[in-house]
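Structural description and commentary
What follows is the residue order along each chain.
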Amino acid sequence: MKKHVLIAAMAFAMSAHVVTAQPEKSAAIATPAAPAKPADSKKAAPAPSSLEMKPIAAQTQAALWASRVLGRYHYSPVPLDDAMSVKIFDSYFDGLDGEKLYFVQADLDHFAALRTQMDDAINNEDLTAPFAIYNLYQKRFAERMAYARGLLKTKFDFTSDETMELDREKAAWAKNEDEIRDLWRKRVKNDWLRLKLAGKDDKSIRETLDKRYDNYVNRIRKLNNEDVFQMFMNAYATAIEPHTNYLGPRSADNFDIAMRLSLEGIGCVLQSRDDYTIIREIVPGSPADKSGKLKVGDRIVGVAQGDKPFVDVLGWRLDDVVALVRGEKGSTVRLDVIPGDGGVDAKHVTVAMVRNKISMEEQAAKKSIIKVKENGVERRIGVISLPTFYQDFEARRKGDRDFRSATRDVERILTELKKEKVDNVLIDLRNNGGGSLTEAVELTGLFIDKGPVVMQRTAEGRVEVESDTKPGLAWDGPMGVLINRGSASASEIFAAAIQDYGRGLVIGEPSFGKGTVQTLIDLDRFAPNEKMRYGELKMTIAQFFRINGGTTQLRGVTPDIKLPVLTDMDTFGESSYDNALPWVAIKPAQYMPLGDLKELVAPLQKRHEERIANDKDFQFLQEDINEVLKLRKENVISLNETVRRKERDAQDARSKLREARLAGVSVNQDEPASGPGSAEKRAEGPDPTKPKKSVVAVRGTPRQDDGLQGDERDLQAELAAEKAAKDAKDVLLQEAANILADEVGMLKTDTRMASRVMPYMTVVQSK
């Protein structure tokens, strides 16, 4: 399937604009996290084991065409010259070894002559230089892992007052081998100490870490020249501007899947564990689910297409296995499976399934209702969680009336919430990194009648206004938008428009600050034949502006009601990029605000502050935030066992106190019995007359460190922990609901104020 922008003779029409904060994550259903292998290959096959990587002709040609497009059509074009070469060189090394744990200064000195030759490598279609850098990186990686494994035979001294630097991004390169070996000694010592503090004995620790470091090497050996090329091209693309990226052929396919929220396959989420491909999740209603023959934990060791022989996939990288499992709707795939409840020598089972269209519902809009009581009156707050601004571009282009989109799903949910008689609606956009620009505009249209939503300015200075042209509102009641630092791009367009129209309250922390628009450029248009694929560019072509004339670039959207800041603003967000575009303003669009909520903000903020001052869950959360910020600022961790045990015991004590709080075991005598901070004002808490349920932590609080990585834990235990984290009490969401409940109460008890702040809405006087 193609959704690509067509390019002919370097003149192309832009379409399918996407506004995303960061490089997109892979689709969650049977989709790999790693980049793809060469895409002109007809069959999936294990990646080459050779340590020496070499470019192929398709890659050198793709690099040249990408440079021509970037140099002419980027919003902020930068010439591919020696100055850009230096930036590419630094960006490439940073991408390979950002923590400066593998290369030493002598390695950089060895390649110093290449600092001004990255442009020549692209222009001359000779990528030998960047591949040579990668080959040395792979060699150094293997050397560091061999050294780390050797250290496991030694004995560590955990009584010394030694510390380890946590974040080495801004550190200098190690001067020599002795210095980098000392860095690795400390890292291995810390890994050992974490497991020791979790109660593991020396034998178990040694086996766990030896296997871990060996797996690191095995994973990097599975990378291939397509991976290397993508890393190099992204070093070039992001050196221009943070949100321009190169997508290899398979990455481009995964991006398409993520945007349309569907794929054709069997409906399994797969994961690599050791040399096995494990079934991590089965999508309800999918072919895998309906077969009744697959279970979570089963190991796929072979894949066959129809009646063809099985291909042994033991030891394969995940995306290669996924490529075999996926296929056209209606086709048959057979799996050779070792049941998860049996050992490696258990009897194999063959499972045949007919592939079908799979919907990725975990990324779709979802609803919930939070009930908040105040003075005996219950307020019902409808919550719509939207993880991304998705749209099936291809289905819409073909004229499919039932194409999947975020706006359509939210509109349907709003209709349901109306029937359920909610008093207020909250759109939860936390960690929504963006998506379709069209969806951002159309979603805004559900809450305004008609009018401009966002403005775009092209590289030529032409300003275009994107407007909602559909009359009517899907929801005309009060509303709010919940954002955090991970809310970016399309999320910021929506939140900013709601704020500028005075349509709803924006609650949370300042957003990401990405004010640029990208489009997808199909480089395959330049390929000499259909078998050769060049991939895609996700390229910045415009900057968007709020209808008030400002931009969200760098500054993001400032919430009306501020919640605790959970992220480090210096290291996450647009302002953390050295080459981010500056903040600017243009002439505002012509629009008529629907309301003016400023009169509500001060009293709502006051009630919010009074409430959280007496909310133990908020206090716990703030403690965690302060601890994390302190750790980041100090940037060191002790390698002394006594010190670390003391820190661990303090964390355990805090966790037990929280559990007791959530279980309703004890009540703080200082907590007021009435007023803004009372328990009555929160959502209904635990009933002491009912049996106690299992306790989960407050969402966002740290999980007790067991020293293990995800694929080292028991799969069922890991899935249970993830479910517990997902089901944990979300204090920020709850407080946002409290704020909107306060708003409803104020509007219903003071209709004159309601007519001032929301003249478009009829507010019913409460009893």
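So, here's what we can say about the structure. Here the structure is a predicted model, which is why all the values come from computation and not from measurement. (Residues numbered from 1 in each chain as written. Predicted model: local features only at pLDDT ≥ 70, side-chain atom pairs only at ≥ 80, totals over all residues. Heavy atoms only, no water.)

**With respect to the overall build of the protein**
When helices and strands are counted, the protein shows 21 helices and 25 strands. Counted over contacts in the protein with a minimum sequence separation of 6, partners at least 24 positions apart contribute 78%. In the form shown here, the protein has an accessible surface area of approximately 34600 Å², with 51% of it arising from carbon and sulfur atoms. (Helix = DSSP H or I, 4+ residues; strand = E, 2+ residues; numbered from the N terminus. Contact = heavy atoms within 4.5 Å. Areas by Shrake-Rupley, 256 points an atom, 1.4 Å probe, with all protein chains shown as cover.)

**Quick word on the pattern of salt bridges**
Counted by the stated rule, this structure contains 54 salt bridges. Notably, a salt bridge pairs R140 with D107, separated by 2.9 Å at the nearest N-O pair. With R140 in helix α5 (residues 128-151) and D107 in helix α3 (residues 105-110), this pair connects stretches of sequence that are 33 residues apart. The burial state of R140 is the same as that of D107; both residues are buried. In this structure, E442 and R396 form a salt bridge, with 3.0 Å as the shortest nitrogen-oxygen distance. Here R396 lies in helix α12 (residues 393-397) and E442 lies in helix α14 (residues 437-444), a separation of 46 residues in the sequence. R396 sits in the partly exposed class, given a relative accessible area of 32%. Salt bridges sharing common partners tie together E361, K367, R404, D409, R412, E416 and E420. (Salt bridge = Lys/Arg side-chain N within 4 Å of Asp/Glu carboxyl O. Buried < 20%, exposed > 50% of the residue type's maximum accessible area, 1.4 Å probe, protein only.)

**Describing the pairing of strand β15 (residues 377-385)**
Successive side chains on a regular strand alternate, one facing one side of the sheet and the next facing the other. Pairing analysis gives nine bridges linking strand β14 (residues 366-374) to β15, with the strands arranged antiparallel. Along β15, the bridge assignment pairs I369 with G382. Linking two consecutive strands that pair antiparallel, namely β14 and β15, is a turn of two residues; a positive phi of about 50° is found at N375 within it. By the bridge criterion, five bridges tie β15 to strand β16 (residues 424-428) in an arrangement that is parallel. Across the sheet, the residue bridging to S385 is D428, located in β16. (Pairing = 2+ DSSP bridges.)

**Things to note about the packing of α14 against helix α15 (residues 490-500)**
A pair of packed helices is captured by two measures, namely the crossing angle of their axes and the spacing between those axes. At a minimum axis distance of 9 Å, the contact between α14 and α15 shows a crossing angle of 25°. As judged from the angle between their axes, α14 and α15 are roughly parallel. For α14 against α15, the interelement crossing comes out right-handed. The segment α14 lies against α15, with L437, A440, L443 and T444 engaging A490, I493, F494 and A497. Split by residue class, the contact of α14 with α15 holds seven nonpolar, one polar and no charged. (Axes fitted to C-alpha atoms, helices over the stretch in contact; angles between N-to-C directions. Parallel < 35°, antiparallel > 145°, perpendicular 65-115°, else oblique. Left-handed = near helix turned anticlockwise from the far one by under 90°. Nonpolar A, V, L, I, M, F, W, Y, C, P; charged D, E, K, R; others polar.)

**Some words on the environment of F93**
By the secondary structure assignment, F93 is in helix α2 (residues 82-96). Taking C-alpha positions, F93 is 8.4 Å from I133, a pair spaced 40 residues apart along the chain.

**A closer look at the nonpolar core**
Soluble, globular proteins show a tendency: their nonpolar side chains are buried together. By size, the foremost hydrophobic cluster in this structure holds 120 residues, and its most contacted members are I133 and F494. In terms of residue count, α5 provides more of this core than any other element does, ten residues in total. Taken domain by domain, this core gets at least three of its residues from each of domain 1 (1-11 + 52-240) and domain 3 (362-615 + 733-765). Residue contacts for F494: discarding those within four places in its chain leaves F389, I427, L429, A440, L443, T444, F447, M479 and V481. Core analysis: the next-biggest nonpolar cluster, separate from the first, contains 32 residues, V383, L482, L604 and L733 among them. (Core = buried A, V, L, I, M, F, W, Y, C linked by side-chain atoms within 4.5 Å. Domains from an automatic or database assignment.)

**Digging into the packing of aromatic side chains**
Using the criterion set out here, one finds 21 aromatic pairs in the structure. Aromatic side chains Y92 and F232 sit 5.5 Å apart centroid to centroid with 80° between the ring planes, which places their arrangement in the edge-to-face category. Separated by 140 residues along the polypeptide, Y92 in helix α2 and F232 in helix α8 (residues 225-240) bring together distant segments of the chain. Here the aromatic residues F89, F93, Y102, F103, F111, Y134, Y137, F141, W173 and W184 are joined through ring pairs into a cluster of three or more. A cation over an aromatic ring shows up here: R299 above the ring of Y276, its NZ or CZ 5.7 Å from the ring centre. (Phe/Tyr/Trp six-rings, centres within 6.5 Å; stacked < 30°, edge-to-face > 60°. Lys NZ or Arg CZ within 6 Å of the ring centre and 35° of its normal.)

**A look at the side chain of D191**
Tracing the backbone through its elements, the reader meets D191 in helix α6 (residues 177-197). Here Y213 takes part through its side chain, which lies 2.8 Å from a polar atom of the side chain of D191. Not counting residues up to four positions away in its chain, the partners in contact with D191 are L209, R212 and Y213. (Polar contact = N/O pair within 3.5 Å; in protein donor to acceptor, adjacent residues only side chain to side chain.)

**Some details on the environment of A198**
Looking at the element boundaries, A198 is found in the loop between α6 and α7 (202-221). A C-alpha to C-alpha distance of 6.6 Å links A198 and G707, two positions 509 residues apart in sequence. Setting aside chain neighbours within four positions, we find A198 in contact with R648, D705 and D706.

**Here we look at α14**
In terms of residue burial, α14 counts as a mostly covered element, since six of its eight residues are buried. Here α14 has its buried residues at L437, E439, A440, V441, L443 and T444. The backbone nitrogen of T438 has a side-chain oxygen 3.3 Å away, supplied by the residue at the start of α14, namely S436.

**Some thoughts on the side chain of T244**
With respect to the helices and strands, the residue T244 is situated in the loop between α8 and β5 (245-247). A distance of 2.8 Å separates the side chain of T244 from the side chain of E241, its partner in a polar contact. Among the polar contacts made by the side chain of T244, one reaches the main-chain amide nitrogen of T540 at a distance of 3.4 Å.

**A few points about the sheet that holds β14**
Working definition: the strands of a sheet are paired by backbone hydrogen bonds and lie parallel or antiparallel to each other. The six strands lie next to each other as β14-β15-β16-β20-β21-β24, forming an open sheet whose pairing is mixed. Unpaired on one side and paired on the other, β14 and β24 (561-562) mark the two borders of the sheet. In the sheet, strand β21 (residues 505-508) pairs with β24 via two bridges, with the strands oriented parallel. Note on β24: the bridge partner recorded for G508 is K562.

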